[in-house]
Amino acid sequence: MSDSSASRSSSRVPAHESSAVFAHASLPAGPRYRMYLLPLLLLAALLATAWLTASQITQSREADRESDRQRMALWVKSEQRLLAGQLQENGYWEEAVTRFLREPELDTTWLEYMYGPEFAINTGIHLISAVRGDGQVAAWVQHNAGSPGADWLGKQPVSWRRALAPVMQAARQSPTQPQLAWLIVDNQPWLIGMQGLYEDEEALPPRDEQGLLILGMPLTTDLLDEQAAVLGLKGLQVVSNAMPQPIATQQICVALPASGRADRYNHAKACWQDENRVAQLLQEMGTPLAVLLLIILLAGMGTIGMLVRDSRRRRASRAYGAYLEHQYQRHSILNQQFLSVPYETHTPQNARASLTRYLQRVREMLGAEIIIYRREVGNPNAGYLILQSHDEREWLSEASLRRDPLWRLPVGRVCVSAGDRSRRDDDGSVDRSVDEQEDRALLLCQRLGASQLMGYSVSPHPGRSELLLVASRGHRLNPTEMMPLLDMTLDTLVVRGLEQERVLLQQQLLKEREMDLDTGLLSREGMLRMIKVRIDQLGEVAPMEGFVLMALRIGGLQVLYDHAGAEPGNYQLEQVQKRIAPLLGNSGDVARLETDRLLIMVQRRLLEATRGGISGWLDNLLNAVRDKVTLDDEVIYLQPSLGITRYPEDGHQVDALVYRAERALHDTQQCQREWHFFDDEAERELRRLKQLEAEFTVALRENQLRLFVQPIVDGRTGRLQLSEALIRWQHPEHGLMGSADFMAIVESARLDVALGRWVLKESIATLMHVHESGHELHLSVNVTVRHMMDKRFLSDLEMLFRHPELCERLTLELVESQLPDDIQALAVLFQTIRAHGVALALDDFGTGYSSLSQLQRLPFDKLKIDRQFVTALGSSKGQAMIEAMLGLAEAFHLAVVAEGIETPEQRAELLAHGCSLHQGYLYARPMPVQELIEHLIAGDGWLPEGL
């Protein structure tokens, strides 16, 4: 069985086509295709040799060049370290600083003594200069490398001034670090270094007292030739970076370091000749190339011998192939006759008759005995013989035939035993499992007394026979040629029973998939299928003819599973099923969705016919589910809750109905009710909020938010005291939206930290912008406890802490209802913020439950009275509440801000009670920051007209 029997049963190959395939498969390919093998192999080998040679030469040359570059880099670093050491040694020398920077006139005798020809010969430094903070050159000494006498003293040439300008600019920006550059000045390469002149390395003097020390090493031709000999380079020279590399000569150039924005005409590069060693490399590879060509020649001779051998074998195989094709056709006719017998007549007697004819054919064709044996799963010693060609009476016992019909053989592929122990998968890895299976088959073959293993098959289905063995005794056969004939017979025996087996297997899998094995209830898949069947049966019907789908959660059942295990939990679930079964009638279905959740489908008419209608039926269902379970002196109450949806009112799709039932169950638990019908309007509102939540996330990312401010003024004079930062959303479709339109989704999606960080950063940026423009602005920003406890909160304030004058202009507001019970960590954070001068305010005071101890431990500066208390000022209770809040604030020395002032009467009442900081529409509505600044520039007050 070369492929799965399932595929063979669905697509059979005609007899004449199968025989032709078998005949051609047993013969080698035609020699007319192999005659091109030798020249192709030779050409491929030559091309590979040429490619390998070129690749090796290229790699060797690249390796040499990289080695040259590394040696050059080491030399550059050593020269720079030498010069940097001299700079650091002389830059902090107190006498040099005094001579160069403090004395009005430089002592040339001292300069000649310290930095004269002897210094140049010992260090190689031929340029010494000092530049003062005002740019004046205090000293300039340049020696001729050939004769160390001073060429000029105290005067800097124009060419040097232009070349040193970028390096000097970099040195003044980092005076404590040596600045090095390789320059070309007057056609002479130099290594130049600069560093600040200071008496104290730890304390930098003012800019006008700073100075620079300049040292330079000339790169003469003699020095470069000497270094080239040491580095193993040829023709080393340092040239201008602007000079193009000659094309005619092979050169390698490396740019040398430069500080600042160096002029490309003065910036230098190092170049040397690239040696071509192609001939030397070819000579080194001569022996391997000769060996490779010899191998190619021997391979060609072997190919010619193979062509001659194949030609001889082909002539011998044609005659044997014709014989096998004839036998295959006869065997195919026998199999077709067996397949033409109706399925109902496949009895054990017919099977014996078919096998008798088959064994006769085997003896005629093969002249050897064939053994087919199967071993049962889990018991290697309990196997039985299916057939043995030398004695038809040993085929099958009646008990074996009744237990397992003949055609229920393994459906797996029959592997031909070729004796190859190094099988590999398609990816090239060794298939160890195939070797293990063949080892088992060989061992069983020896126990049966068979002399040869021809093939074996392992069943892919659990519960079926584990191994099918095909072996021979006596004359040794060729498995590759014989197994196709035996495979066809086994295929014929199996194919008649496969359809029935497939149907039984599908039914078994469907049952396992659609049933909950622990309780016997339907699974989710089973219920989905039942709902679809019911919908297909009903079609478009009136609501009364439809059905009701209910998601039932049994509270306490999960606790029972966790404490007592699966067995008591499954038992209680089975008892619940028994108690509700009378309510469902004959047409109701129950499925288990999760551990403590069921899905119930029942006819609508059944519910309406109950006394009390649907409500009465639901009450009966809830009463049937309720129960009390005692577990180790602990009482667990089973409390049901229902989510209900109806067909066809709530939809026609299976998944939609189930989802809406579960959604209704969720709403039931949120509302703390016993049952709840699916509400389409609420579902649309939920989808709208979800869409708005996704859009708000995009708004945070794409900068659609806007910062508005609302003034907090002195109610007596109308002068601006503070401004509260508010958030607005410039929605692409809905326009400008207030915070009340989206704060609910911010809190539910836990986006308050991200939004708070945005508001805080924008507020700090606004404070800095207004301060830089010459105006004064105080901002109050709302923050949440989650935002303040976020590890990034203090880092967001770090920019503000760098400007102490702005810290006093920021107030952080915290809503009273968000204060935690344990305020220890919050108190520490408040102290850190207050230490920088940032004020703190308690917002919506009176709406939470903060205690006096919390107000005492938290260093608040202001209290903000919520608008609901301002609105209630007209009543005696409202006035008493305001007076209590003001008295408490006075006791704790806190300023008080009243929110939501909209009428002159409210303003007058608050002023009468001593509260002068007001915020509300009476004075100003929220506005953009720029509008507030324009109002400040105009000098207008904030009191309404007539007050």
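Residues numbered from 1 in each chain as written. Predicted model: local features only at pLDDT ≥ 70, side-chain atom pairs only at ≥ 80, totals over all residues. Heavy atoms only, no water.

**Examining the overall build of the protein chain**
Here comes step 1: Secondary structure assignment for the protein chain yields 33 helices and 30 strands.
Here comes step 2: Here the protein chain holds 947 residues, and the buried ones make up 45% of them.
Here comes step 3: Across the protein chain, contacts joining residues at least 24 apart in sequence account for 65% of those joining residues at least 6 apart.
Here comes step 4: Only carbon and sulfur atoms are counted for the fraction: they give 52% of the accessible area of the protein chain, which is about 49500 Å². (Helix = DSSP H or I, 4+ residues; strand = E, 2+ residues; numbered from the N terminus. Buried < 20%, exposed > 50% of the residue type's maximum accessible area, 1.4 Å probe, protein only. Contact = heavy atoms within 4.5 Å. Areas by Shrake-Rupley, 256 points an atom, 1.4 Å probe, with all protein chains shown as cover.)

**Topic: the pairing of strand E9 (residues 268-273)**
Here comes step 1: Counting buried positions along E9 yields five of six residues, so the element is predominantly enclosed.
Here comes step 2: Looking at chain direction, strand E7 (residues 237-240) and E9 are connected through four bridges and run antiparallel. Residue pairing across strands places Ser240 opposite Ala268, the latter belonging to E9.
Here comes step 3: Looking at chain direction, strand E8 (residues 251-255) and E9 are connected through five bridges and run antiparallel. Across the sheet, the residue bridging to Ile252 is Trp272, located in E9. (Pairing = 2+ DSSP bridges.)

**With respect to the packing of aromatic side chains**
We describe a pair of aromatic rings using the distance from one ring centre to the other and the angle between the two ring planes.
Here comes step 1: The tally for this structure, following the rule as stated, stands at 11 aromatic pairs.
Here comes step 2: With centroids separated by 5.2 Å and ring planes inclined at 85 degrees, the aromatic side chains of Tyr115 and Phe119 adopt a geometry described as edge-to-face.
Here comes step 3: When the ring of Trp160 is compared with that of Trp190, the centres are 5.1 Å apart and the planes differ by 75 degrees; the resulting orientation is edge-to-face. Of the two residues, Trp160 is situated in helix H8 (residues 158-173) and Trp190 in strand E5 (residues 188-197); the sequence distance between them amounts to 30 residues.
Here comes step 4: By way of ring pairs, the aromatic residues Trp110, Tyr115 and Phe119 are connected into one cluster. (Phe/Tyr/Trp six-rings, centres within 6.5 Å; stacked < 30°, edge-to-face > 60°.)

**Observations concerning the state of the cysteines**
Here comes step 1: The final tally for this structure, using the stated rule, is one disulfide.
Here comes step 2: The residue that forms a disulfide with Cys253 is Cys271, at a sulfur-sulfur distance of 2.1 Å. When the S-S torsion is 115 degrees, as for the bridge of Cys253 with Cys271, the disulfide is right-handed. Of the two residues, Cys253 sits in strand E8 while Cys271 sits in strand E9, which places them 18 residues apart along the sequence.
Here comes step 3: By relative accessible area, Cys253 is classed as partly exposed at 25%. (Disulfide = S-S within 2.5 Å.)

**Quick notes on the confidence of the model for the protein chain**
Here comes step 1: Mean pLDDT over the protein chain works out to 75, with 70% of the residues at or above the 70 mark.
Here comes step 2: Every residue in residues 418-426 is under pLDDT 50, and counting partners more than four places away or in other chains gives 18 contacts.
Here comes step 3: Within the model, the stretch residues 496-503 combines pLDDT values under 50 with 18 contacts to residues more than four positions away or in other chains. (pLDDT = per-residue confidence, 0-100.)

**Brief notes about a nonpolar patch on the surface**
Here comes step 1: On the surface, Leu294, Leu297, Leu298 and Met301 cluster together to form a nonpolar patch covering roughly 420 Å² of accessible area.
Here comes step 2: Its location among the elements puts Leu298 in helix H11 (residues 286-339). (Patch = residues over 30% accessible without salt bridge, like charges linked within 9 Å, V, L, I, M, F, W, Y side chains within 5 Å. Salt bridge = Lys/Arg side-chain N within 4 Å of Asp/Glu carboxyl O.)

**Digging into the environment of Arg925**
Here comes step 1: Tracing the sequence through the fold places Arg925 in the loop between strand E29 (917-918) and strand E30 (927-928).
Here comes step 2: Spatially, the C-alpha atom of Arg925 lies 8.5 Å from that of Val709, the residues being 216 residues apart in sequence.
Here comes step 3: With residues near it in sequence (within four places) discarded, Arg925 still touches Val709, Gln710 and Pro711.

**Examining helix H21 (residues 654-671)**
Here comes step 1: Its 18 residues place the ends of H21 26 Å apart at the C-alpha level, agreeing with the 26 Å of an ideal helix rising 1.5 Å per residue.
Here comes step 2: Within the sequence span of H21, burial applies to Val654, Leu657, Val658, Arg660, Ala661, Arg663, Ala664, Leu665, Asp667 and Thr668.
Here comes step 3: Positive backbone phi, at 55 degrees, marks Gln672, one or two positions downstream of H21. (Expected span 1.5 Å × (residues − 1).)

**Some details on the pattern of salt bridges**
Here comes step 1: Using the criterion set out here, one finds 23 salt bridges in the structure.
Here comes step 2: The shortest N-O distance in the salt bridge between Arg524 and Glu662 comes to 3.0 Å. Highlighted residues: Arg524 in helix H16 (residues 524-538) and Glu662 in helix H21, separated in sequence by 138 residues.
Here comes step 3: We classify Glu662 as partly exposed; its relative accessible area is 23%.
Here comes step 4: A salt bridge links Glu724 to Lys864, with the shortest nitrogen-to-oxygen separation between them at 3.1 Å. Of this pair, Glu724 sits in strand E22 (residues 720-731) while Lys864 sits in strand E27 (residues 862-865), and the two are 140 residues apart along the sequence.
Here comes step 5: Taking relative accessible area as the criterion, Glu724 reaches 5% and is therefore assigned buried.

**As for the sheet that holds E7**
Here comes step 1: Read across the sheet, three strands follow the order E7-E9-E8 without closing on themselves; strand pairing throughout is antiparallel. Each edge of the open sheet carries a strand with a single partner, namely E7 and E8. Along the sheet, successive strands turn relative to each other by an average axial angle of 35 degrees, direction set aside. (Axes fitted to C-alpha atoms, helices over the stretch in contact; angles between N-to-C directions.)

**A short note on the nonpolar core**
Here comes step 1: Counting 75 residues, the largest nonpolar core has Phe696, Phe793, Leu812 and Phe860 as its most contacted members.
Here comes step 2: Among the elements that line this core, the one with the most residues is helix H24 (residues 752-772), at eight residues.
Here comes step 3: Residue contacts for Leu812: discarding those within four places in its chain leaves Leu760, Val781, Val783, Phe793, Ile833, Val838, Ala839, Leu840 and Ala841.
Here comes step 4: Counting residues in hydrophobic clusters, the runner-up holds 41 residues, among them Ile128, Leu180, Val238 and Leu256. (Core = buried A, V, L, I, M, F, W, Y, C linked by side-chain atoms within 4.5 Å.)

**Some points on the pairing of strand E2 (residues 137-143)**
Here comes step 1: Within E2, six of the seven residues are buried, which leaves it mostly tucked inside the rest of the structure.
Here comes step 2: The pairing of strand E1 (residues 127-131) with E2 spans five bridges and is antiparallel. Counted as the bridge partner of Ile128 is Val141 from E2.
Here comes step 3: In this antiparallel pair of consecutive strands, E1 and E2, the connection spans five residues, and Gly135 shows a positive phi of 90 degrees.

**A word on the environment of Gly526**
Here comes step 1: Inspection of the secondary structure puts Gly526 in helix H16.
Here comes step 2: Classification of Gly526 as buried rests on a relative accessible area of 0%.

**Observations regarding H16**
Here comes step 1: Its 15 residues give H16 an end-to-end C-alpha distance of 21 Å, which sits within 8% of 21 Å, the value for a rise of 1.5 Å per residue.
Here comes step 2: Just beyond H16, the residue with positive phi is Gly539, at close to 65 degrees.

**Structural notes on the packing of helix H17 (residues 557-564) against helix H18 (residues 566-584)**
Here comes step 1: Remark: H17 packs on H18, axes separated minimally by 7 Å, with the N-to-C direction vectors making an angle of 150 degrees. The orientation of H17 relative to H18 falls into the category roughly antiparallel. Facing H17, whose interface residues are Leu557, Leu560, Tyr561 and Ala564, H18 presents Ala566, Pro568, Gly569, Asn570, Gln572 and Leu573.
Here comes step 2: When grouped by side-chain class, the residues that make up the contact of H17 with H18 number seven nonpolar, three polar and no charged. (Parallel < 35°, antiparallel > 145°, perpendicular 65-115°, else oblique. Nonpolar A, V, L, I, M, F, W, Y, C, P; charged D, E, K, R; others polar.)

**Regarding unusual backbone geometry**
Here comes step 1: A cis amide bond links Tyr647 to the next residue, Pro648, at an omega of 15 degrees.
Here comes step 2: In this structure, Pro648 sits in the loop between strand E19 (634-647) and H21.
Here comes step 3: With phi around 55 degrees, Asp186 is a residue other than glycine that occupies positive phi space.
Here comes step 4: Of the residues examined, Asp186 reaches a relative accessible area of 56% and is grouped as exposed.
Here comes step 5: Even without being a glycine, Asn703 presents a positive backbone phi close to 60 degrees.
Here comes step 6: Looking at the secondary structure, you find Asn703 in the loop between helix H22 (680-701) and strand E21 (705-714).
Here comes step 7: Its relative accessible area of 47% is what places Asn703 among the partly exposed residues.

**Comments concerning the environment of Leu692**
Here comes step 1: Note that Leu692 resides in helix H22.
Here comes step 2: The spatial distance from the C-alpha of Leu692 to the C-alpha of Ile745 is 7.6 Å, given a sequence separation of 53 residues.
Here comes step 3: Non-local contacts of Leu692, meaning those with residues more than four positions away in its chain, are made with Trp729, Met737, Asp741 and Ile745.

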